[in-house]
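Structure assessment
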Amino acid sequence: MNISNHIQDLLYRYECVVLPGFGAFLSQKQSAYIDSESNEFYPPNKVISFNRQLIKNDGLLANYIAEVESVKYNSANNMIKEFVYDLENSLQNEAKAELANIGKFYLDSEDKLQFEPFSDINFLTQSFGLSSYKTIAVQREVYKKQVEEIEEKAPLLFTPEKRRSSLLKYAAIGLIAIGISSFAGLNIYSSQVSKHNIAEQQEAENQLQQQIQQATFVIDNPLPAVTFEVEKQSGDYHIVAGAFRVEENAHKKVHELKDAGFKARYIGANKYGLHQVVYSSHQTRREAINKLYEVKRTNEGAWLLVQEL
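About the criteria used
Residues numbered from 1 in each chain as written. Predicted model: local features only at pLDDT ≥ 70, side-chain atom pairs only at ≥ 80, totals over all residues. Heavy atoms only, no water. Helix = DSSP H or I, 4+ residues; strand = E, 2+ residues; numbered from the N terminus. Buried < 20%, exposed > 50% of the residue type's maximum accessible area, 1.4 Å probe, protein only. Contact = heavy atoms within 4.5 Å. Areas by Shrake-Rupley, 256 points an atom, 1.4 Å probe, with all protein chains shown as cover. Pairing = 2+ DSSP bridges. Axes fitted to C-alpha atoms, helices over the stretch in contact; angles between N-to-C directions. 1 Å grid on protein atoms, 1.4 Å probe; cavity = no way out; pocket = protein on both sides within 12 Å on 5 of 7 lines; lining within 4 Å. Points joined across faces, edges and corners; volume = space filled by probe spheres on them. Nonpolar A, V, L, I, M, F, W, Y, C, P; charged D, E, K, R; others polar.

1. Quick look at the overall build of the protein
A count of helical and extended segments in the protein gives seven helices and 13 strands. Put simply, the protein has 309 residues, and 28% of those count as buried. Excluding contacts between residues fewer than 6 apart, the proportion of contacts in the protein whose partners are at least 24 apart in sequence is 59%. Carbon and sulfur atoms make up 52% of the accessible area of the protein, which totals about 22,400 Å².

2. Observations regarding the side chain of Gln8
Here Gln8 lies in helix H1 (residues 3-11). Ignoring sequence-local partners within four residues, the contact set of Gln8 consists of Ala100, Asn101, Ile102, Ile121 and Phe123.

3. Points about the sheet that holds strand S11 (residues 265-269)
Sheet architecture is open: four strands sit in the order S11-S12-S10-S13, paired in antiparallel fashion. Each edge of the open sheet carries a strand with a single partner, namely S11 and strand S13 (303-306). On average, each strand axis in the sheet is tilted by 45 degrees relative to the strand beside it, whichever way the strands run. Contacts between helix H6 (residues 247-259) and the sheet are confined to strand S10 (237-244), S11 and strand S12 (275-282), with S12 contributing the most and set at about 30 degrees to the helix.

4. What to know about empty space enclosed by the protein
Applying the stated criterion across every chain yields a total of one cavity of 30 Å³ or more. As a volume, the largest cavity reaches approximately 90 Å³. The wall of the largest cavity is formed by Leu10, Arg13, Tyr14, Leu60, Asn63, Tyr64, Glu67, Asn270, Tyr272, Gln276 and Trp303. Broken down by element, the lining of the largest cavity gets its largest block of residues, four residues, from helix H2 (residues 60-69). Residue classes in the lining of the largest cavity are distributed as six nonpolar, three polar and two charged.

The following block contains the structure:
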């Protein structure tokens, strides 16, 4: 089993994938751009980087391996430890190591770990099927300069017949210009009429509003005010409490978490058919991470899901 394949799958869905005990792979969206030197167009993509400091197990990779490989969570963690052990040995013996389709690691002259991502795969799902392409630059200024040089070397000569046709062309152009100016004047007049009508309509509406404000309405038995408190969670950062194969178990978990004081809710099934329950949803990643650290005190299996619901 190759752990790098599972890391690759998760990079399509998440912004941060931690390889416990080794570091974390971070992805950041990059807009489409043009290489001015090669005239090559590149679609939007995800830029992959590596952070050696993030080594704490957040459960994301282990849970995914346990689901896909149909093994227990502890077994998945042991597989990850063996994979990290092989990576460290490769770096110590050969000063380099590679993760297929993700990137390569190597030790620089100061024995510091460096990461170089591969650009063969675009992890941005919105750009699926798009690839870079190269075009030929348009030489507008060069063609313009060539035309100017030709005009200087070959001046235009008019014969009487050509002069007559030229005069007819100028006369036609003059008639068109007169027609355009008349049409423009008509448009200006229509615009002034429209502005006048709008101003008169606004004035009438203002007078009507003043009359309404001056009127007095008396209600003998006013109805009591009714206040509704509707709390709607929003945000693309969700703290997942668990994923269940049976939907009924997911709803039971929601009731348990709500009784414990959490703003839990059921967010539906993922593509693997597992019914997901979240502690809460947040607008920013920082808020979500703070909440994740809080719930991990009682649930080590909690993890961060970044998804627009």
